Structures are given as C-alpha cells and as structure tokens.
Amino acid sequence: MRAPIPFTVIGGFLGAGKTTLVNRLLAAPGSERIAVLVNDFGALDIDGRLIAAAGGASVALANGCLCCTIGDSLSATLVDLLDGPASFDRIVVEASGVADPARIAELAALEPRLARDATVVVVDATDVRRRAADRYVGDTVRRQLAAADLLLLNKADLVAADALAALRAWLGEIGVTAPAIECIRAAVPVAALFGQTVLTNVSLPAPHAPERTFASWSYQWAEPVDRAAVMAILDDLPEGVLRAKGLVRFADTPERATVVQVVGRRRDLADGGAWRAGERSSLVLVGVRAEGLATGVR
C-alpha cells in the first residue's frame, strides 16, 4: 500500500504573494512531482517551455508536475485527482485570499490517502496589520495567521528593519506562534517549505535579508537510536529551525522505520514501513543560520 501523499496548503490574504510562491514551486528543479490545485491557473506564470500538455481544467508540465483548477468543490477535485491515473509526490492547494487555510488542511484528516503537511501562510509585510484591524476583513486575516505552521513575511524589501521587528512583536502579541521568515517576491528554499525528500545535506541559497542565510544540519546514526534522545533534540531545537524531516530506526521498534517530521510548531511521527538492512537513520534540519546554530553531520 502506498504511503499517504503529503498535503500542503498555501494561504494568505489577497495580494500577499501566494501565486508568486506557487510559480516558484512549479519552476524549481527537483525530483518531486507536485499537483497544484488553484482557483484559476490562468493567473500562474508558467513558462511555455515547461508545458507538456494543456486541456480543460489542467496543465501538465514536462517536469511531472500538474496544475488543476478547483471546480465546484475542492473535496471533489481532490478525489478526482487521487482516483486519476497520474501519481504525485505531493499535493499543494493555493487557498483563495479569503479562505481559512485551517479548514482546508483538515481535508487531509478525512482522506486516508493524504497526510497533512505544512500550512504556509504568505503575509504582505507592508499592510497586514492594517488588514487585521479592518472591521470587515480583520477576522479573516487573523484566522489565516493563526492557522499557519510557517509564515512568510513577503515584500520585506518594502519595510524598514524596525518595522519588521515591530511586525514580529505584534504577531507574538496576538498569539501567533508559527516561525516567520522574511522574503522578497516569495523567494524561499523549497526545502524550508516541504522538508527533504532525499535525506542528505542540502545546499540552500541565501535570502535577500543580508543578516540571514539558510542552512541545513544533519544527524546520522548507524545503530538503532534511543527514542528519548531524538525527542530531546526536537524539544531543544533553536528558534531558527523551520523544518526537520528524517527516517529513524528507534531502539524500541528496531524492525520498523519511523518518519519524523517537524514543520514550524507541529511535530509528527508516523510508521514508515519495515526497516531496510544497511540503511542509516537520518534527521535533516533546515533553518536560518544564526549565532548558536551548529552545522555539520553528527
């Protein structure tokens, strides 16, 4: 039986930069075949050289990805996609600008073929506080922020450093606990959003903010690992770690592989099937390099 497909939701208010982020995901090199569900793929800037076939409500890309428009029902569109002939490594939903991404993420709990992954909320750093205070849309904006496992503070180049610091402080004041990273034109490493499909060291580009660079850290173990020791690592992750993913052979279940995932504030452990002889346990962390974060393989 095939493992459940990771289900990622991209939310955020109108104009925050969600479609720009989706464009980047579709164009990014990598081995994952992504099915993206959007309200209107006509808004996507898909390079014509990437299009393998187009027809009806879908566009198939040469890199194995697929774009589908959401029909009358997101649930029905998902079922049609899962029942169809194509197979995918991940499904991404770009929520509408007024949707509650938490409700969309709940679909993964209702469909056994899906596994809830990150809810990424894109924020327009220039005006999110004004939107949140608006009598008509403020509640929607705040619910979107509260649903996030990871926040992208987009358009950071248009906001002064002290204003960005004030925005972070305000997010804490209203109870938003998800980690937040600044970006320009939604340029963030795919690994920070999805985790690693292949559990090896990854090379990550520097973001536009000069004082921050992304990095990865990895742990590997040849022998079965004490579960409490790994949990202690996860409990003590520095604030700059955005994502962790691993395949671990725990000493208390040495015949089974355990998939370990951390995304923002959320942690999941799931059975990964029988442990294959000769494999090494691996745990990869992706985050913002900062003073106090070590690098290298342990």
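For the structure itself, look to the data block above.
Residues numbered from 1 in each chain as written. Predicted model: local features only at pLDDT ≥ 70, side-chain atom pairs only at ≥ 80, totals over all residues. Heavy atoms only, no water.

**Examining the overall build of the protein**
Assigned secondary structure in the protein consists of nine helices and 15 strands. With 298 residues in all, the protein has 48% of them scored as buried. For the protein, long-range pairs separated by at least 24 residues make up 71% of all intrachain contacts whose partners lie at least 6 apart in sequence. When the accessible area of the protein is evaluated, it comes to approximately 14300 Å², of which 52% is carbon and sulfur surface. (Helix = DSSP H or I, 4+ residues; strand = E, 2+ residues; numbered from the N terminus. Buried < 20%, exposed > 50% of the residue type's maximum accessible area, 1.4 Å probe, protein only. Contact = heavy atoms within 4.5 Å. Areas by Shrake-Rupley, 256 points an atom, 1.4 Å probe, with all protein chains shown as cover.)

**Here's the deal with the pairing of strand E5 (residues 66-69)**
Pairing of strand E2 (residues 34-38) with E5 involves four bridges; the strand directions are parallel. Opposite Leu37, over in E5, you have Cys68 as the bridge partner. Here three bridges tie strand E4 (residues 58-61) to E5, and the two strands are oriented antiparallel to one another. For Ser58, the partnering residue across the bridge sits in E5 and is Cys68. Counted along the chain from E4 to the antiparallel partner E5, the turn is four residues long, and its residue Gly64 has a positive phi close to 95°. (Pairing = 2+ DSSP bridges.)

**Quick word on the layout of surface pockets**
Of the pockets and cavities examined, the largest pocket occupies roughly 890 Å³. Lining the largest pocket are 31 residues; nearest its centre among them are Ala3, Lys245, Leu247, Val259 and Gln261. Counting only elements with at least two residues in the lining of the largest pocket, the list comes to strand E1 (5-11), strand E7 (114-124), strand E11 (241-248), strand E12 (256-263) and strand E13 (266-274). For the lining of the largest pocket, the leading source of residues is E13, giving five residues. Among the residues forming the lining of the largest pocket, the class breakdown is 12 nonpolar, seven polar and 12 charged. (1 Å grid on protein atoms, 1.4 Å probe; cavity = no way out; pocket = protein on both sides within 12 Å on 5 of 7 lines; lining within 4 Å. Points joined across faces, edges and corners; volume = space filled by probe spheres on them. Nonpolar A, V, L, I, M, F, W, Y, C, P; charged D, E, K, R; others polar.)

**Section: empty space enclosed by the protein**
Using the criterion set out here, one finds two cavities of 30 Å³ or more in the structure. One number sums up the size of the largest cavity: a volume of about 110 Å³. Lining of the largest cavity is provided by 15 residues; of these, Phe13, Ala16, Val123, Asp124 and Val128 occupy positions nearest its centre. Secondary structure elements with two or more residues in the lining of the largest cavity: E7, helix H5 (128-133) and helix H6 (138-147).

**Observations concerning the packing of aromatic side chains**
With the rule as written, the count across this model stands at one aromatic pair. Ring centres of Tyr219 and Trp221 lie 5.9 Å apart, and the angle between their planes is 15°; on these two criteria the pair is classed as stacked. A cation sits over an aromatic face here: Arg90 above Phe194, 4.0 Å from the ring centre. Lying across the ring of Phe250, Arg227 places its NZ or CZ 4.1 Å from the centre. (Phe/Tyr/Trp six-rings, centres within 6.5 Å; stacked < 30°, edge-to-face > 60°. Lys NZ or Arg CZ within 6 Å of the ring centre and 35° of its normal.)

**Remarks on the environment of Ala251**
When you line up the elements, Ala251 lands in the loop between E11 and E12. C-alpha separation for the pair Ala251 and Arg227, spaced 24 residues apart in sequence, amounts to 6.8 Å. What Ala251 contacts, discounting residues up to four positions off in sequence, is Pro224, Val225 and Asp226.

**Some points on the nonpolar core**
If you look at the biggest cluster of nonpolar residues, it comprises 31 residues, and the most contacted ones within it are Ile10, Leu21, Leu26, Val36, Leu152, Val188 and Leu193. Ranked by size, the runner-up nonpolar core spans 22 residues in total, among them Phe7, Ile91, Ile104 and Leu114. (Core = buried A, V, L, I, M, F, W, Y, C linked by side-chain atoms within 4.5 Å.)

**As for the side chain of Thr119**
On the secondary structure map, Thr119 appears in strand E7. Each residue touching Thr119, except ones within four places of it in the same chain, is listed here: Val9, Pro101, Ala105, Ala147, Ala148, Asp149 and Leu150.

**Some remarks on unusual backbone geometry**
In this structure, Arg185 takes a positive phi of about 55° despite not being glycine. The residue Arg185 is located in the loop between strand E9 (180-182) and helix H8 (190-194) in this model.

**Comments concerning helix H7 (residues 161-173)**
Between its first and last C-alpha, H7 extends 19 Å over 13 residues, near the 18 Å set by a 1.5 Å rise per residue. Close packing links the buried residues of H7 with H5, H6, strand E8 (150-154) and E9. With its phi angle positive at about 85°, Gly175 sits one or two positions after the end of H7. (Expected span 1.5 Å × (residues − 1).)

**Focus on the environment of Lys18**
Along the chain, the position of Lys18 falls in helix H1 (residues 18-27). Separated by 106 residues in sequence, Lys18 and Asp124 have C-alpha atoms that sit 9.9 Å apart. The residues touching Lys18, leaving out its near neighbours within four places in the chain, are Ile10, Gly11, Gly12, Phe13, Glu94, Ala95, Ser96, Gly97 and Val122. For Lys18, the side chain forms a polar contact with the main-chain oxygen of Gly12, separated by 3.0 Å. (Polar contact = N/O pair within 3.5 Å; in protein donor to acceptor, adjacent residues only side chain to side chain.)

**A word on the pairing of E12**
Counting buried residues in E12 gives six out of eight residues, a clear majority hidden from the surface. Note: E11 against E12, six bridges, orientation antiparallel. Its bridge partner being in E12, Arg243 is matched across the sheet by Val263. Note that E12 and E13 share seven bridges and pair antiparallel. Paired with Val262 across the bridge in E13 is Arg267.

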